[in-house]
There are 2 protein chains.
Amino acid sequence: MVPNKINADLQKERDSCSFNVTELTNLIDGGIEKTAERKKREEMALKEGIHIDEVPSVYLSHKEKYELAIKKACLLFKMIRRLQEEENAGMENYMAVLGGNLGSAILGDGSPLTLHYVMFIPTLMGQGTVEQQAHWIGRAFNLDIIGTYAQTELGHGTFVRGLETTATYDPSTKEFILHSPTLTAYKWWPGGLAHTANYCIVMAQLHTKGKCHGMHAFIVQLRDEETHMPLPGIKVGEIGAKLGMNGTNNGFLGFDQVRIPRDYMLMKNAKVLEDGTYVTAPSSKLAYGTMMFVRVMLVNDMCNYMAKAVTIATRYSAVRRQSQPKPNEPEPQILDYVTQQHKLMIGIASVHAFRTCADWLWQMYNNVTAELEAGDMERLPELHALSCCLKAVSTSDAAQCVERCRLSCGGHGYMLSSNLPLTYGLVTAACTYEGENTVMLLQTARYLVKAWQQAAGGQTLPPTVSYLREVVAGRRSPPFDNTIEGIVAGFYRVAAGKIGACVAQIEKRQKTGMCYEDAWNMTSVQLTSASEAHCRAIILSTYYKEIERQSNLVSPELATVLRQLVDLYVVYWALQCIGDLLRFTSISERDIDQLQGWYEDLLTRLRPNAVGLVDAFDIRDEILNSALGAYDGNAYERLMAEAMKSPLNKEPVNQSFHQYLKPLMQGKL
Amino acid sequence: MVPNKINADLQKERDSCSFNVTELTNLIDGGIEKTAERKKREEMALKEGIHIDEVPSVYLSHKEKYELAIKKACLLFKMIRRLQEEENAGMENYMAVLGGNLGSAILGDGSPLTLHYVMFIPTLMGQGTVEQQAHWIGRAFNLDIIGTYAQTELGHGTFVRGLETTATYDPSTKEFILHSPTLTAYKWWPGGLAHTANYCIVMAQLHTKGKCHGMHAFIVQLRDEETHMPLPGIKVGEIGAKLGMNGTNNGFLGFDQVRIPRDYMLMKNAKVLEDGTYVTAPSSKLAYGTMMFVRVMLVNDMCNYMAKAVTIATRYSAVRRQSQPKPNEPEPQILDYVTQQHKLMIGIASVHAFRTCADWLWQMYNNVTAELEAGDMERLPELHALSCCLKAVSTSDAAQCVERCRLSCGGHGYMLSSNLPLTYGLVTAACTYEGENTVMLLQTARYLVKAWQQAAGGQTLPPTVSYLREVVAGRRSPPFDNTIEGIVAGFYRVAAGKIGACVAQIEKRQKTGMCYEDAWNMTSVQLTSASEAHCRAIILSTYYKEIERQSNLVSPELATVLRQLVDLYVVYWALQCIGDLLRFTSISERDIDQLQGWYEDLLTRLRPNAVGLVDAFDIRDEILNSALGAYDGNAYERLMAEAMKSPLNKEPVNQSFHQYLKPLMQGKL
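Just so we're clear, the structure is a prediction, and the values are computed from it rather than from any experiment.

Calculation notes
Along each chain, residue indices are assigned from 1 in the same order as the chain's sequence is written. Each chain gets a letter, beginning with A, and each ligand a number, beginning with 1, in the order they are written. Side-chain atom pairs in this predicted model are given and counted only at pLDDT of 80 or more, local residue features only at pLDDT of at least 70, and totals for whole chains, interfaces and linings cover all residues. Only heavy atoms go into the side-chain values, all of them from the structure, while hydrogens and water stay out. Contacts are assigned to residue pairs with any non-hydrogen atoms lying within 4.5 Å of each other. By convention, the term buried area covers the 1.4 Å-probe accessible surface removed from two parts as they join, with the contributions of both added. For this analysis, a salt bridge means a side-chain nitrogen from Lys or Arg found within 4 Å of a carboxyl oxygen belonging to Asp or Glu. The definition of a polar contact used here is a pair of N or O atoms within 3.5 Å, where within protein one atom must be able to donate a hydrogen and the other to accept one, and adjacent residues in sequence count solely through side-chain atom pairs. UniProt positions are given in the numbering used here, feature names are shortened, and annotations may be inferred rather than shown by experiment. Here a strand is any run of E in DSSP of at least two residues, a helix any run of H or I of at least four, and the numbering for each starts at the N terminus. Among the buried residues, those of types Ala, Val, Leu, Ile, Met, Phe, Trp, Tyr and Cys that are joined through side-chain atoms within 4.5 Å form a nonpolar core. For the exposure calls, accessible area comes from a 1.4 Å probe over protein chains only, and a residue counts as buried if that area is under 20% of its type's maximum, exposed if over 50%, partly exposed in between. Pairing between two strands requires that DSSP report at least two bridges joining them. Note on method: axes are straight lines fitted to C-alpha atoms, helices fitted across the in-contact stretch only, with angles between N-to-C directions ranging 0 to 180 degrees. Roughly parallel means an angle under 35 degrees; roughly antiparallel means over 145; roughly perpendicular covers 65 to 115; every other angle is labelled oblique. Each residue gets one of three labels, nonpolar for Ala, Val, Leu, Ile, Met, Phe, Trp, Tyr, Cys and Pro, charged for Asp, Glu, Lys and Arg, and polar for the others, Gly among them. For the least-squares superposition of copies, only C-alpha atoms count, and only for residues with pLDDT at least 70 in both. Each aromatic pair joins two rings of Phe, Tyr and Trp (for Trp, the six-membered one) with centres within 6.5 Å, and gets the label stacked for planes under 30 degrees apart, edge-to-face for over 60, and tilted for any other angle. Whether a charge sits over a ring depends on NZ of Lys or CZ of Arg being within 6 Å of the ring centre and within 35 degrees of the ring normal. Expected span of a helix: the number of residues minus one, times 1.5 Å. Working definition: a disulfide is two cysteine sulfur atoms within 2.5 Å of each other. For every residue, the predictor assigns a confidence score, pLDDT, that lies between 0 and 100. By definition, any crossing whose near helix is turned counterclockwise from its far helix by less than a right angle is left-handed, and any crossing with a clockwise turn is right-handed.

### A few points about the interface of chain B and chain A
Listed per partner, the contact involves 137 residues of chain B and 137 residues of chain A. With both chains or domains summed, chain B and chain A bury close to 11300 Å², and 63% of this area falls on carbon and sulfur atoms. Along the contact surface separating chain B from chain A lie 14 salt bridges. For R509 of chain B, the salt bridge is made with E600 of chain A, and the minimal N-O distance between the two is 2.6 Å. At the junction of chain B with chain A, the criterion picks out 57 residue pairs in polar contact (both at pLDDT 80 or more).

### With respect to the UniProt feature "active site" (unreviewed entry) in chain A
Residues and elements named next belong to chain A. Mapped onto the present numbering, the UniProt feature "active site" (unreviewed entry) falls on E434. Position of E434 among the secondary structure elements: in the loop between α12 (420-429) and α13 (437-456). Ignoring any residue separated from it by four or fewer positions in sequence, one finds E434 in contact with V294, R295, L298, K391 and M440.

### A look at the nonpolar core
With 444 residues, the main nonpolar core has W188 and Y569 of chain A together with W188 and Y569 of chain B as its most contacted residues. Discounting chain neighbours no more than four positions away, the residues touching W188 of chain B are H412, M415, L639, M640 and A643 of chain A together with T152, E153, L154, I239, G251 and F252 of chain B.

### Section: the pairing of strand β5 (residues 199-208) of chain B
Within a regular strand, the side chains alternate between the two sheet faces. Residues and elements named next belong to chain B. β5 sits mainly inside the fold: nine of its ten residues count as buried. Direction of pairing for strand β1 (residues 147-150) relative to β5: parallel, over a ladder of four bridges. Along β5, the bridge assignment pairs A150 with V202. Inspection of the sheet shows β5 paired to strand β6 (residues 211-221) by nine bridges, in the antiparallel sense. Bridge pairing in β6 places Q205 opposite M215. A loop of two residues connects β5 with β6, the two strands running antiparallel in sequence, and K209 in this loop sits at a positive phi of about 50°.

### Regarding the sheet that holds strand β4 (residues 187-188) of chain B
All names here are of chain B. Pairing within the open sheet is antiparallel, and its three strands lie in the order β4-β8-β7. The strands lining the two open edges of the sheet, one partner per strand, are β4 and β7 (234-238). The pairing of β7 with strand β8 (residues 251-255) spans five bridges and is antiparallel. Paired with E238 across the strands is G251, a residue of β8.

### Focus: the UniProt feature "binding site: FAD" (unreviewed entry) in chain A
All names here are of chain A. Taken from the UniProt record, the annotation "binding site: FAD" (unreviewed entry) applies to T152 and G191. In sequence the annotated residues extend across 40 residues, while in space they remain close, none of their C-alpha pairs exceeding 11.3 Å. Within the secondary structure, T152 sits in the loop between β1 (147-150) and β2 (166-170). What makes T152 partly exposed here is its relative accessible area of 28%. If we skip the residues at most four places from it in the chain, T152 touches G157, L163, Y186, K187, W188 and W189. Here G191 shows up in the loop between β4 (187-188) and β5 (199-208). A relative accessible area of 10% means that G191 is categorised as buried.

### Re the packing of helix α13 (residues 437-456) of chain B against helix α17 (residues 524-551) of chain B
Residues and elements named next belong to chain B. Direction vectors running N to C along α13 and α17 enclose 80°, while the axes themselves pass 8 Å from each other. On the basis of the axis angle, α13 is roughly perpendicular to α17. Contacts from T438, L441, L442, T444, A445, L448 and V449 in α13 reach S524, L527, T528, A530, S531, E532 and H534 in α17. Along the lines of polarity and charge, the residues of the contact of α13 with α17 split into seven nonpolar, six polar and one charged.

### Section: the relation of the copies chain B and chain A
Comparison of the two chain copies shows a relationship of rotation about an axis with a shift along it. The operation relating chain B to chain A is a screw motion whose rotation component is 180°, with 0.0 Å of axial translation and a residual RMSD of 0.0 Å. Taken together, the rotation and translation relating the two chain copies correspond to the operation of a two-fold axis. A share of 100% of interface residues in chain B that are also interface residues in chain A marks the association as one of identical surfaces.

### Considering the packing of aromatic side chains
The final tally for this structure, using the stated rule, is 33 aromatic pairs over all chains. Relative to F252 of chain A, the ring of W188 of chain A has its centre 6.0 Å away and its plane inclined at 20°; by these criteria the two rings are stacked. Placement of the pair is W188 of chain A in strand β4 and F252 of chain A in strand β8 (residues 251-255), with a sequence separation of 64 residues. Residue W188 of chain A is classed as buried on the basis of its relative accessible area of 0%. A ring pair is formed by Y186 of chain B and F252 of chain B, whose centres lie 6.2 Å apart and whose planes are at 45°; its orientation type is tilted. Taken as a pair, Y186 of chain B in the loop between β3 (175-179) and β4 and F252 of chain B in strand β8 lie far apart in primary sequence, 66 residues in all. Considered together, Y186 of chain B and F252 of chain B belong to a single accessibility category, that of buried residues. In this structure, R536 of chain A is placed above the aromatic ring of W573 of chain A, and the distance from its NZ or CZ to the ring centre is 3.7 Å. Just above the ring of Y631 of chain B sits the side chain of R14 of chain B; from NZ or CZ to the centre is 3.6 Å.

### Examining the environment of L231 of chain B
All names here are of chain B. Checked against the element boundaries, L231 lands in the loop between β6 and β7. You can call L231 partly exposed: its relative accessible area is 24%. For L231 and R446, which are 215 residues apart along the polypeptide, the C-alpha to C-alpha distance reads 44 Å.

### Focus: the pairing of strand β9 (residues 258-261) of chain A
Residue and element names in this part refer to chain A. The side-chain alternation of β9 yields one buried face, formed by V258 and I260, and one unburied face, formed by R259 and P261. Relative to β9, strand β3 (residues 175-179) runs antiparallel, the two sharing four bridges. From the neighbouring strand, E175 faces β9, where its bridge partner is P261.

### Some details on helix α17 (residues 524-551) of chain A
Taking 1.5 Å of rise per residue, 28 residues should cover 40 Å, and α17 of chain A covers 40 Å from first to last C-alpha, within 8% of that figure. Burial analysis of α17 of chain A places 22 of its 28 residues in the buried class, the great majority of the element.

### Notes on the environment of D359 of chain A
All names here are of chain A. Looking at the secondary structure, you find D359 in helix α10 (residues 338-373). On the basis of relative accessible area, D359 is assigned to the partly exposed category, the value being 43%. Sequence-wise, D359 and M297 are 62 residues apart; in three dimensions their C-alpha atoms are separated by 9.8 Å.

### Looking at the pattern of salt bridges
Two side chains bearing opposite charge may form a pair once their charged atoms approach each other closely. Residue and element names in this part refer to chain B. Scanning the model with the defined rule gives 76 salt bridges over all chains in all. With a closest N to O distance of 3.1 Å, K498 and D580 form a salt bridge. Of the two residues, K498 is situated in helix α15 (residues 484-511) and D580 in helix α19 (residues 578-584); the sequence distance between them amounts to 82 residues. Its relative accessible area of 13% is what places K498 among the buried residues. You can call D580 buried: its relative accessible area is 18%.

### Some remarks on the state of the cysteines
All names here are of chain B. According to the stated counting rule, one finds zero disulfides over all chains in the structure shown. In this structure C388 is not part of a disulfide, and its nearest cysteine sulfur, from C389, lies 7.6 Å away. A disulfide-free cysteine, C502 has its sulfur positioned 14 Å from the sulfur of C389, the nearest such atom.

### What to know about the sheet that holds strand β7 (residues 234-238) of chain A
All names here are of chain A. In space, the three strands of this open sheet follow the order β4-β8-β7, with antiparallel pairing throughout. Each end of this open sheet is capped by a strand with a single partner; those strands are β4 and β7. Where β4 and β8 come together, two bridges link them in antiparallel fashion. By the bridge assignment for β8, K187 is matched with L253.

### So, the confidence of the model for chain A
Across chain A, the average pLDDT comes to 94, with 97% of residues at or above 70. Interface predicted TM-score (ipTM) for the complex: 0.97; the corresponding pTM is 0.97.

### A word on the side chain of T438 of chain B
Among the secondary structure elements, T438 of chain B is positioned in helix α13. Setting aside its immediate chain neighbours within four residues, T438 of chain B contacts T339 and K343 of chain A together with T528 of chain B.

### Examining the packing of helix α15 (residues 484-511) of chain A against α17 of chain A
All names here are of chain A. One can describe the packing of α15 onto α17 by two numbers: an axis separation of 9 Å at closest approach and a directional angle of 160°. By the angle between their axes, α15 is roughly antiparallel relative to α17. When the axes of α15 and α17 are compared, the crossing they make is left-handed. Its residues placed into classes, the contact of α15 with α17 shows 16 nonpolar, five polar and four charged.

Structure (structure tokens):
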């Protein structure tokens, strides 16, 4: 039904692309070899066909979706196990198949086994003693047991200290008693917890000798290893249908006085001795590590989601024709409408911008981790502040980008076969998990206010906030310079100006008698805005600097396009933030007019390379999984082919006609 | 499981509300009697229990969802039929039960019978001759037949002239031959088309005597009335799963030379005589009527969706407690965080603002329709321009409002049992249907550019664009006045400034040799922005004026709150559009500081009435259908109760354990 040839409009786009698409793909992957490795991995993982569903999962019931997710996850792990043995491949290959676009294409709408690898095993490694690691990690790696990680409760999320689950030490039996004192103490959300995992790491308030020592990690067996029945005192089940990720089997968990051996507490850091004596951890800041690692990885995920969405929407926009602005001419490709270019090009540029920032953050993370191991914690707060605001801004930008792409495909973007709704479901979830975005921005704001005060006190500042110094010192802005560098400098002025205004506002409110906490709260809308401005300045400058460097290493044709994308990204954000630039820099009305013209000119220049730019993301059809976005551009044929897979289309008359519709029409219902 | 008492935090909120909630409810409904009628209607419609699902539909398969939707729709129509007979109620009551929040609460995620009433019958009434009406409308009203309306095609949406389906007259048999020449000519999207309707109004290109006369409406029988089997030459089925509205049974439809009698063409306006002679319609502008009516209704729907979302999020925010900003104090309600108030209060105000605009547009629609019937078309273009931009801005604001509310509920907003994801699915669809939003904004822009040119030519302007006169005449802005009235005036200056800039830009581009169409396209991003600015100015001024009027008719307590909401709405938008105000008015940095302080102050003043304000929307629990938002505030108990309804929770061990998980763990898969 779907023709075996490339749509003519798409072919024409590809023929006129001004740069070498493969060169850009290699650049994105990090080199020719990396591209080859990725392609080999994809080929290997996809040839098994685990990703192919007899009936697309969107037509299944909630329960069937879970059953399909288990089947796929188990087959995938079986395959990985085989590959490990055959090829003697390391953990890296393992994670590469599981993570990113490839894993999610095979696993569909989330997997119930993900937390086993992403949280259960890493926590055992990070927080278990050597003996505990010896005991548990082998079993977990072999999949003799399947675990998950339970922290969030029905009534408690981001504020970890508020968690209610207790683990009370009983020295008479040398056991901990896990208990959920209230309904709101029930664990709620962990993936795989509902019907999949038989073990779980549980975060609970540790009580011993009549004193509470805060959150600690405990291993709890949930289900019998043979029968999978929940053990006595364990109340476990699933939390119900969600906007997305309906394959993840998110669960709830309540304890009714469940006893576990003393050595089921993970004791690499803090300990409880046999008599119940609590021994403190050497440093509590180490726990930051995992959280920050996950946030760094998240920024990369966001690039993958945006790349998918913008590939789908751009290819479809080259195929779709609509309206007739000029009489007697054919309907243009919708990609020729400047409003459509406005929706798509920023998406393409955003993928590159955030990819650059993710790499940069990853390097910083590695440096700081190395320093940490040498006992140097100096840059930890800076890294923490950066990871918070980048988490918030990247997830929020990605969600908007995916939704903009979906809407840009008109009605067909609303079809699940476009794969845009499912992608949105995954990306918008990231705005909430791993730290709710408003909370994240306020964490960064707290750091920025402190940095401002340090600067005011004459202290030196860490690199990423050193720009505050000029403004704190009351130095006048240099005249606004309407170039990319000038705009980036302008964004730093905006960030500094907003942070300064917040500090002044808080102080002013304190002078009227408000306590600091209330003054902070009253100023918090402005604080989130300052935090975002800081983040935007960093994204713009990181992206600009990195592409300046890369442009010298690639062909002149590619360098031109890369620079155009940076320009587009910077000018787009300048136009979005005109109010801020007007307030905090000397930008003029003439500058603004120029920016607008510059922006429209960039859209025109990038237009012929739009398809080449998304082709360079090199997302295979099996991974893109979209009727609208497939490489061959046969969007209409594929939409129809996908529709025909609906079980409703397997019979000409549905039974409900006889049961309800006909009786209604004949007045006999 | 859910306690039979009001959550203490919610009760406290209600006790401290400063105004009479019922008074506001009556004002919203349009009077005490209207509230009573609505409540009676709700009671009557809900007591049948059609809205109650044994298993919530979110757990069903796609096919089961359709079957449930048919069951519900048929039972609802049976009930309505009975009520009509019992109470002798008119059409109005009928539509009231079907439409708005009540209908969608009963019908769930869209209904396959909606288009029968919303499009099939109205089109017969509007475009059929008296004879055709006599023949068809009775059968349709009695539900002897079920119809739908097919216009959009797989390859063609907003641009109606591009539709491909043909209806060719054959004078030898006095029949029309309907045909789909290509795959892209297939009708695609109509609700109920897939497996439900047995008749359909089809829009097709009329060909007679070798000439094409453009789009006309034809009645086509799709399925046998007894067996429901598709008739020969009819290719019909469903288009597949979607982001939302999975009960609507959207279908595709292809014709292979299907013949219908000549009098199946709706001939109230244009006609084809027996010999094939085409007789033109008296006026083609009449067709605008229905489209505009639907867009006016849409603005009202948006208010309903926003009211639901903000009720859910506000009540939950009063119940949810999180974090500990002050040591030794309990965790505050999240409604006490100013960032949370920032997300919710604008939602509450938006409901009132758009409700006011919907009423105003409705009055204007009625006036213009009356004038039209008297042959006066003068205000038609103005109404059309208004309905376009209000459609775009209201649906886009509503989608953002619902999504903001969902995100403000953290992880629990991601649960389908919150009802926020489903609401988003419905509201975001409206950004695309009935005219894609970017296209809508550009339609309004075309009118605004013309109005500008009229003003420049010294012609008088219709009321809603008369503000252009001052700016066209080059009169200087008066100094910015930082009051509500001053801000509203500022928004008009912004709109005029942006329209003027677009006109100048287009002219400048034309002078460089670009044709008008290309100059328009290059300027189209700015044109959409100008169109939105025009719409914002109208919304702000309409809302402000109407509340000024209403405030004199209500108690002083209520008047205070109503005015605070207007102030909040206006100041919020001023802060959102600071860049525009800086460019086009003389607003100062001092004004901006004042606005920010004013905004924060308004949030503080409105905070104690937040719950009262959403209570006043008076949305019954059955209609709200949300575990998070129920009137009693027992959010956690309801979340758990909803989770327990999941079929996965009906058995402790899922079969997939034995089939896949256990074999995997034992190395035997």
